[in-house]
Amino acid sequence: MRTFLRQPGQTAFVVLLTLLLFSCKKSDEPTALGGDPALMATWRVSAYAVKDANGVTSDLTPLVFAQFPCLSDIRVTFNADGSITGSSTAACSSVLGDASALVGGKGNWQASGGKLTINTADGSKQEYTYQLTGTTLQLSQPTLDASGKPTGDVRQYTFTKA
């Protein structure tokens, strides 16, 4: 049996969380530079699933949380100035390591028309479709093969307002 981080999509899940967690400095700008003001809140991870090309969804939350129980301790805040801040427990940082080097400690978010883009200081860009329902935020992202072509699978990350 392969380990968790060798599974397609699960590595991306951990990378997404580290991008969101360690992306930016905090700022108190009053304007909504990031876009959709409904996203401006603190969120915690609550579920992870993969929908295959046939529309069948596999809930991987039990596997992910069994491997990394501290994920529910991570908080991600979309700030009004377009930055992202995050917090975690010391236990979670020791399990996932210091991921701030991956993103250079800076980044931003932009949302419009149901699309969310996260840019990091190293020039990487992650794009998601998002849906807000009450206190739940779902981010969806197509899975790409090694050449960058969509595989037909879609990763679904669910967050709940903290």
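Residues numbered from 1 in each chain as written. Predicted model: local features only at pLDDT ≥ 70, side-chain atom pairs only at ≥ 80, totals over all residues. Heavy atoms only, no water.

## Thoughts on the overall build of the protein chain
Phase 1 of the analysis: Along its length, the protein chain carries 4 helices and 9 strands.
Phase 2 of the analysis: Its helices and strands in sequence order give the protein chain the pattern α-β-β-α-β-β-α-α-β-β-β-β-β, from N to C terminus.
Phase 3 of the analysis: Expressed as a percentage of the 162 residues in the protein chain, the buried residues total 38%.
Phase 4 of the analysis: Within the protein chain, residue pairs in contact and separated by at least 24 positions form 59% of the contacts whose partners lie at least 6 positions apart.
Phase 5 of the analysis: When the accessible surface of the protein chain is split by element, carbon and sulfur atoms take 53% of a total near 8300 Å². (Helix = DSSP H or I, 4+ residues; strand = E, 2+ residues; numbered from the N terminus. Buried < 20%, exposed > 50% of the residue type's maximum accessible area, 1.4 Å probe, protein only. Contact = heavy atoms within 4.5 Å. Areas by Shrake-Rupley, 256 points an atom, 1.4 Å probe, with all protein chains shown as cover.)

## Here we look at the pairing of strand β8 (residues 136-144)
Phase 1 of the analysis: Sheet topology note: the strand β7 (residues 125-133)/β8 ladder contains 5 bridges and is antiparallel. The residue bridging Leu 132 from the neighbouring strand is Leu 137, located in β8.
Phase 2 of the analysis: Counted between consecutive antiparallel strands, the loop separating β7 from β8 contains 2 residues, among which Gly 134 sits at a positive phi close to 60°.
Phase 3 of the analysis: Sheet topology places β8 next to strand β9 (residues 150-161); 8 bridges connect them, and they run antiparallel. Bridging from a neighbouring strand, Ser 140 pairs with Gln 156 of β9.
Phase 4 of the analysis: The hairpin turn running from β8 into β9, its antiparallel successor, is 5 residues long, and Gly 148 in that turn takes a positive phi close to 90°. (Pairing = 2+ DSSP bridges.)

## Things to note about the environment of Cys 70
Phase 1 of the analysis: Relative to the assigned elements, Cys 70 resides in the loop between α2 (61-67) and β3 (75-78).
Phase 2 of the analysis: Separated by 19 residues in sequence, Cys 70 and Thr 89 place their C-alpha atoms 7.7 Å apart.

## Focus on the side chain of Gln 156
Phase 1 of the analysis: Mapped onto the secondary structure, Gln 156 falls in strand β9.
Phase 2 of the analysis: When its relative accessible area of 12% is taken as the criterion, Gln 156 is described as buried.
Phase 3 of the analysis: Setting aside residues up to four positions removed in sequence, Gln 156 forms contacts with Ala 47, Tyr 48, Ala 49, Lys 51, Thr 57, Gln 138, Leu 139 and Ser 140.

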